[in-house]
Every structure is written in structure tokens, then in C-alpha cells.
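So you can see what is in the structure, the chains are spelled out below.
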Amino acid sequence: QVQLVESGGGLVQAGGSLRLSCAASGRTFSRYTMAWFRQAPGKEREFVASMNRSGGSTFYADSVKGRFTISRDNAKNTVYLQMNSLKPEDTAVYYCAARDYYSGSYYQTSDYNYWGQGTQVTVSS
């Protein structure tokens, strides 16, 4: 079992930056594949980025590639999402997700078995 708590959301102007953090409980954080998803009002939750256990492999949605960076610090049990060049269409609730099993898929909500409560990111134009 792992509990995930996101922080770092807020209101920012277009072109600005935010860094989200997701702190995980437990002593086995390094065993989890981690990801960020987001959900805008009236839309389905969508994949943003993921990172494997060691941090050596990352994947990004095309919509954020080159602007967002996922990273993790296994010593601090934390995963981060650095968001630069933010756009109004990035406005959403951002969720941290984790899984403790192997899967070849990484971009579906069903690929993860633990979720945080979400943090709101609002980008004004």
C-alpha cells in the first residue's frame, strides 16, 4: 500500500511555470512506476507523463512534450512534474499515480492502482 499526496498547484499566467510534487508514504517507493495524469472539467482523465522505477525511462503525452519534465527522488519518496511554458489548455486537476506491478502499458488510468487526491492547476490567458 502507498498513499500519495500532491502539492504545488495554483494559479499562473500563460507562459509561466509550476512544479508539482507528489509525496509517497512507505519504504518501497523505488518499487513503484510513477505517473501524472490530469483531468479538465467535462473531460476524461488523461495521461501526462510517467517514469519507471529507476528513473531511467520516461514517457510524455505529445501535448506536453518539451514543456513538462517528470523526475523522482527515491531518497525523498517524491515524484515531481516541472511544468514550463504553461498554456490555458493545461488547466486541470493534476493527479499523481503509482503502480507496483509490471506492465507494458503506461498511459491508461487502469495501468495504475494508487492515486492521489489531485491538485488544481489554473493557467490564465
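Now for a description of the structure that goes with this document. Just so it is clear, the model here is predicted, and its values are computed rather than measured.

Here the focus is the pattern of salt bridges. Where charged atoms from two side chains of opposite charge approach closely, those side chains can pair. Within the structure shown, the criterion is met by four salt bridges. Here Asp90 and Arg38 are joined by a salt bridge, their closest N and O atoms 2.9 Å apart. With Asp90 in the loop between strand S8 (78-83) and strand S9 (92-99) and Arg38 in strand S4 (residues 33-39), this residue pair connects regions lying 52 residues apart in the sequence. The exposure class of Asp90 is buried, given its relative accessible area of 1%. Using a relative accessible area of 5% as the deciding quantity, one classes Arg38 as buried.

This part takes up the state of the cysteines. On inspection of all chains with the given rule, the structure shows one disulfide. There is a disulfide in this structure between Cys22 and Cys96, and the S-S distance comes to 2.1 Å. Residues Cys22 and Cys96 share a disulfide whose torsion about the S-S bond is about -80 degrees; that sign makes it left-handed. With Cys22 in strand S3 (residues 18-24) and Cys96 in strand S9, the pair connects residues that are 74 residues apart, well separated along the chain. On the accessibility criterion, Cys96 (0% relative accessible area) is buried.

Conventions and cut-offs
- Residues numbered from 1 in each chain as written.
- Predicted model: local features only at pLDDT ≥ 70, side-chain atom pairs only at ≥ 80, totals over all residues.
- Heavy atoms only, no water.
- Salt bridge = Lys/Arg side-chain N within 4 Å of Asp/Glu carboxyl O.
- Helix = DSSP H or I, 4+ residues; strand = E, 2+ residues; numbered from the N terminus.
- Buried < 20%, exposed > 50% of the residue type's maximum accessible area, 1.4 Å probe, protein only.
- Disulfide = S-S within 2.5 Å.

Read these as geometric descriptors, not functional statements.
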